[in-house]
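# Overview (structure and organization)
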Amino acid sequence: MGVPSVFLRTFGCNFKCAGFGMPKGELSNEAENINPDLYTEYKSLPLVSTGCDSYASWDPRFKHLSPVLDSSAIADAIVDTLPHKEWRDEHLVITGGEPLLGWQRAYPDLLNHPKMKSLKEITFETNGTQELSEEFIDYLVQWQMPDVDFEREITFSVSAKLPCSGEKWEDAICPEIVCRYEDVGTAYLKFVIATEQDFADAECAIAAYRKAGFKGHVYLMPVGGVESVYTLNNRRVAEFAMKHGLRYSDRLQVPLFKNEWGT
Ligand code: SF4
């Protein structure tokens, strides 16, 4: 948190996470009820308090709001976002949707672009269900050994989905896949927590990842894309994290920016 970062949001996800913020067993239709024809830009879309708060990054009904750009145009747009128009301390955060779907094939072209040469740190925000291809593993390992005089780092921020997301355990908790990320860079797990059941599910999931050999840190994060939901829950989640020796992750964008699009 607090690190200057540029977010590259890819389109598409293998999940819907319609269970977030809903009573057990029920799925949200909040995003489904939004009429995509009424919107011409991403940032004017309504925020939702249930289901996936990034619905427009994977729901095909909103695809017209995501530009289709080649690597060169993306590199130009990213560097134009940087305060000094060149990489200094900024991270590149590649998020989604799920950024490790077929996009794995496109990243080398982007990262090899001359404007991306002095980038030092990349974080993939993933749901931890997508295997890395052998080609992409080789590429990322090489990427971290630049010929120039600085070090590079890759982080996998793995937001594994508990049953409260509405996704099935066997689809969402994939310890072997996540362990493989640790061969390439640093990986940590992050669980979104709303209820006592989520605490219990997180404990089971953590045990499964540890059993498979996962060595990274584990964070708990309160549910809440909107402030009213978030503030109900954050202290309880922090106390549970302290009690169990886990890390707590705040949602800095909620109090600061009210989770507006683009934050
Ligand atoms: S995995 Fe992430 S982007 Fe995909 S539906 Fe779930 S919360 Fe949304």
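The coordinates are above.
Let us look at the structure shown here. (Residues numbered from 1 in each chain as written. Predicted model: local features only at pLDDT ≥ 70, side-chain atom pairs only at ≥ 80, totals over all residues. Heavy atoms only, no water.)

## A closer look at the site of the ligand
The cut-off we apply is this: We call a residue near a molecule or strand whenever a single non-hydrogen atom of that residue lies within 4 Å of it. Classification convention: Asp, Glu, Lys, Arg as charged; Ala, Val, Leu, Ile, Met, Phe, Trp, Tyr, Cys, Pro as nonpolar; all other residues, Gly among them, as polar.
Neighbouring residues of the ligand: C13, F15, K16, C17, C52, W58, G97, N127 and K161. Within the shell around the ligand, the residues separate by chemical class into five nonpolar, two polar and two charged.

## Side note on the nonpolar core
Going by this rule: Nonpolar cores were defined as sets of buried Ala, Val, Leu, Ile, Met, Phe, Trp, Tyr and Cys residues, with membership established by side-chain atoms within 4.5 Å. Working definition: with a 1.4 Å probe on protein chains only, accessible area under 20% of the residue-type maximum means buried, over 50% means exposed, and in between means partly exposed. By the convention used here, residues are in contact when the closest approach between their heavy atoms is within 4.5 Å.
If you look at the biggest cluster of nonpolar residues, it comprises 51 residues, and the most contacted ones within it are L92, F124, F156 and F191. Residues in contact with F124, not counting those within four places in the same chain, are I94, L100, Y107, F136, L140, I154, T155, F156 and S157. By size, the runner-up hydrophobic cluster in this structure holds 20 residues, among which are F15, Y55, F62 and L65.

## A look at the packing of aromatic side chains
Each aromatic ring pair is described using two quantities: the centre-to-centre distance and the angle formed by the ring planes. Spelled out, the test is: Aromatic rings from Phe, Tyr and Trp, taking only the six-membered ring of Trp, are treated as a pair when their centres fall within 6.5 Å; an angle between ring planes under 30 degrees marks them as stacked, one over 60 as edge-to-face, and anything in between as tilted. Under the scheme used here, helices are H or I runs from DSSP no shorter than 4 residues and strands are E runs no shorter than 2 residues, and both carry numbers assigned from the N terminus.
In total, this model carries ten aromatic pairs according to the counting rule given. Ring centres of F124 and F156 lie 5.6 Å apart, and the angle between their planes is 20°; on these two criteria the pair is classed as stacked. Of this pair, F124 sits in strand β3 (residues 121-126) while F156 is found in strand β4 (residues 153-158), placing the two residues 32 residues apart along the sequence. Looking at F124, the relative accessible area reads 0%, which means it is buried. Judged by its relative accessible area of 0%, F156 falls in the buried class. For the pair F199 and F240, a centre-to-centre distance of 3.9 Å together with 20° between the ring planes defines the contact as stacked. Here the residue F199 occupies a position in helix α6 (residues 196-211), and F240 occupies one in helix α7 (residues 227-243), the gap between them amounting to 41 residues.

## Some thoughts on the side chain of K161
Put simply, the test is: Charge counting follows a simple rule: Lys and Arg are positive, Asp and Glu are negative, and His as well as the terminal groups are ignored. Just to be clear on terms, a salt bridge is a Lys or Arg side-chain nitrogen sitting within 4 Å of an Asp or Glu carboxyl oxygen. Here a polar contact means two N or O atoms within 3.5 Å. Within protein one must be a hydrogen donor candidate and the other an acceptor candidate, and residues neighboring in sequence count only if both atoms are side-chain atoms.
Counting through the fold element by element, K161 comes out in the loop between β4 and α4 (169-172). Buried within the structure, K161 lacks any salt-bridge partner; its nearest side chain of opposite charge belongs to E98, at an N-O separation of 7.6 Å. Among the polar contacts made by the side chain of K161, one reaches the side chain of S159 at a distance of 2.8 Å.

## Considerations on the side chain of R251
The residue R251 is located in the loop between β7 (247-248) and α8 (253-257) in this model. The buried charged residue R251 lacks any salt bridge, with D53 as its nearest oppositely charged partner at 4.4 Å. In this view, R251 contacts D53, V192, M221, P222, V223, G224 and Y230; residues no more than four positions away in its chain are not counted.

## Overview of the sheet that holds strand β1 (residues 5-9)
Our working rule: Each pair of strands is called paired provided DSSP finds at least two bridges between the two strands. Structural elements are reduced to axes, namely lines fitted to C-alpha atoms, with helices fitted over the stretch in contact, and the angle between N-to-C directions of any two is expressed from 0 to 180 degrees.
Spatial strand order, β1-β2-β3-β4-β5-β6-β7: seven strands in an open sheet with parallel pairing. Looking at strand neighbours, the two that pair on one side only are β1 and β7, the edges of this open sheet. Direction of pairing for strand β5 (residues 186-193) relative to strand β6 (residues 218-222): parallel, over a ladder of five bridges. Bridge pairing links V192 to M221 in β6. Each of β5, β6 and β7 touches α7; the most contacted strand, β6, lies at about 155° to it.

## Points about α6
So the rule is basically this: Helix span, expected: 1.5 Å multiplied by one less than the number of residues in the helix. What the arc describes is the spread of directions from the helix axis to the C-beta atoms.
Taking 1.5 Å of rise per residue, the 16 residues of α6 would be expected to cover 22 Å, and the 23 Å separating its terminal C-alpha atoms lies within 8% of that figure. Residues of α6 that are buried include every one of D198, F199, D201, A202, A205, I206 and Y209, and no others. Angular distribution of buried residues about the axis of α6 spans 165°; they occupy a single face of the element. Summarising the geometry of α6, the exposed residues directed more than 90 degrees from the buried face are E196 and K211. Immediately beyond the C-terminal end of α6, within one or two residues, lies G213, with a positive phi of roughly 105°.

Note that all results are geometric; they support no functional claim without further evidence.
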